[in-house]
Amino acid sequence: IGFGDGYGEPWPLWGNCMNRQERRAKGVKGKKGDSVIVGEAIEIARNLTRKRLYDDARNLYLKILKFSPENEIALLDLGIAAIRDNKLDEAEALLNQTLRINPRQCASLVVLADIRMARFDLDGAVRLMEKALTLNPSPEVLNRLGVLFTHAGQLDRGRAYLEKAI
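Residues numbered from 1 in each chain as written. Predicted model: local features only at pLDDT ≥ 70, side-chain atom pairs only at ≥ 80, totals over all residues. Heavy atoms only, no water.

It is worth spelling out the overall build of the protein at this point. Assigned secondary structure in the protein consists of ten helices and zero strands. Ordered by position from N to C terminus, the α and β elements of the protein give α-α-α-α-α-α-α-α-α-α. For the protein, the exposed surface amounts to about 8900 Å²; the carbon and sulfur share of it is 51%. (Helix = DSSP H or I, 4+ residues; strand = E, 2+ residues; numbered from the N terminus. Areas by Shrake-Rupley, 256 points an atom, 1.4 Å probe, with all protein chains shown as cover.)

Before going further, it helps to examine the environment of Ala125. Relative to the helices and strands, Ala125 is located in helix H8 (residues 122-135). Among the residues examined, Ala125 registers a relative accessible area of 0% and is labelled buried. Separated by 14 residues in sequence, Ala125 and Val111 place their C-alpha atoms 9.4 Å apart. Excluding anything up to four places from it in sequence, Ala125 contacts Ala113, Arg116, Met117 and Leu148. (Buried < 20%, exposed > 50% of the residue type's maximum accessible area, 1.4 Å probe, protein only. Contact = heavy atoms within 4.5 Å.)

Okay, unusual backbone geometry next. Within the chain, Arg52 stands out as a residue other than glycine whose phi angle is a positive 65°. Examined against the element boundaries, Arg52 turns out to sit in the loop between helix H3 (34-50) and helix H4 (54-67). Here the phi dihedral of Asn86 falls at roughly 60°; this positive angle occurs in a residue that is not glycine. Of note, Asn86 is situated in the loop between helix H5 (72-84) and helix H6 (88-101). Classification of Asn86 by relative accessible area gives exposed; the value is 67%.

Where charged atoms from two side chains of opposite charge approach closely, those side chains can pair. Evaluation of the coordinates by the stated rule reveals ten salt bridges. The closest approach of N and O atoms between Glu92 and Arg119, which form a salt bridge, is 2.4 Å. Taken as a pair, Glu92 in helix H6 and Arg119 in the loop between helix H7 (106-118) and H8 lie far apart in primary sequence, 27 residues in all. Given the relative accessible area of 15%, Glu92 is considered buried. (Salt bridge = Lys/Arg side-chain N within 4 Å of Asp/Glu carboxyl O.)

What follows concerns the packing of aromatic side chains. When we look at a pair of aromatic rings, we describe it by the centre distance and by the angle of the planes. For the structure on display, the rule yields one aromatic pair. Between the aromatic rings of Phe149 and Tyr161, the centroid separation amounts to 5.7 Å while the plane-to-plane angle is 10°, which identifies the pairing as stacked. Taken together, the residues Phe149 in helix H9 (residues 139-151) and Tyr161 in helix H10 (residues 155-165) connect sequence positions twelve residues apart. Both residues of the pair, Phe149 and Tyr161, belong to the buried class. The cationic tip of Lys164 hangs over the ring face of Tyr161; the distance from NZ or CZ to the ring centre is 5.2 Å. (Phe/Tyr/Trp six-rings, centres within 6.5 Å; stacked < 30°, edge-to-face > 60°. Lys NZ or Arg CZ within 6 Å of the ring centre and 35° of its normal.)

The next thing to look at is the packing of H6 against H7. At a minimum axis distance of 10 Å, the contact between H6 and H7 shows a crossing angle of 150°. Compared by their axis directions, H6 and H7 come out roughly antiparallel. Regarding H6 and H7, the two cross each other, and that crossing is left-handed. Across from Leu88, Ala91, Glu92, Leu95, Asn96, Thr98 and Leu99 in H6, the residues of H7 making contact are Ser108, Leu109, Val111, Leu112, Ile115, Arg116 and Ala118. Residue composition of the contact of H6 with H7, grouped by class: nine nonpolar, three polar and two charged. (Axes fitted to C-alpha atoms, helices over the stretch in contact; angles between N-to-C directions. Parallel < 35°, antiparallel > 145°, perpendicular 65-115°, else oblique. Left-handed = near helix turned anticlockwise from the far one by under 90°. Nonpolar A, V, L, I, M, F, W, Y, C, P; charged D, E, K, R; others polar.)

Laid out in structure tokens, this is it:
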């Protein structure tokens, strides 16, 4: 799948893809300081994923989710860790769970589109990316859509999206 081979680290894209409500979801309601602890735990788990310590990252994400079961950021990142560990079915289930919590979770749509592309489901990938584009018409999403069409051999369509991204 495209992570690390031309796409770079996925987290900057997701940061740009998230709206304010999604950013607030990093924390949880509770005692003062809880959201800081959850946010720091997510950053530690992301670093574990970057270091390819998938089991450690997964265990930490599961602890976060035990504390905050509907933390869509932890679910999203756990899905990414699963992708990097080549567990696409698990990743897809986790990303769909984030969309049940927040149907406007643009980042989950983008990553699900990557999974569909890896499975050679161009139509499914395009539908997901076009939905992500309606939620967030950012250069990052336009670029991803352009790359998707280019990889699928639809060069004119890909070029059009890439030019819009510039």
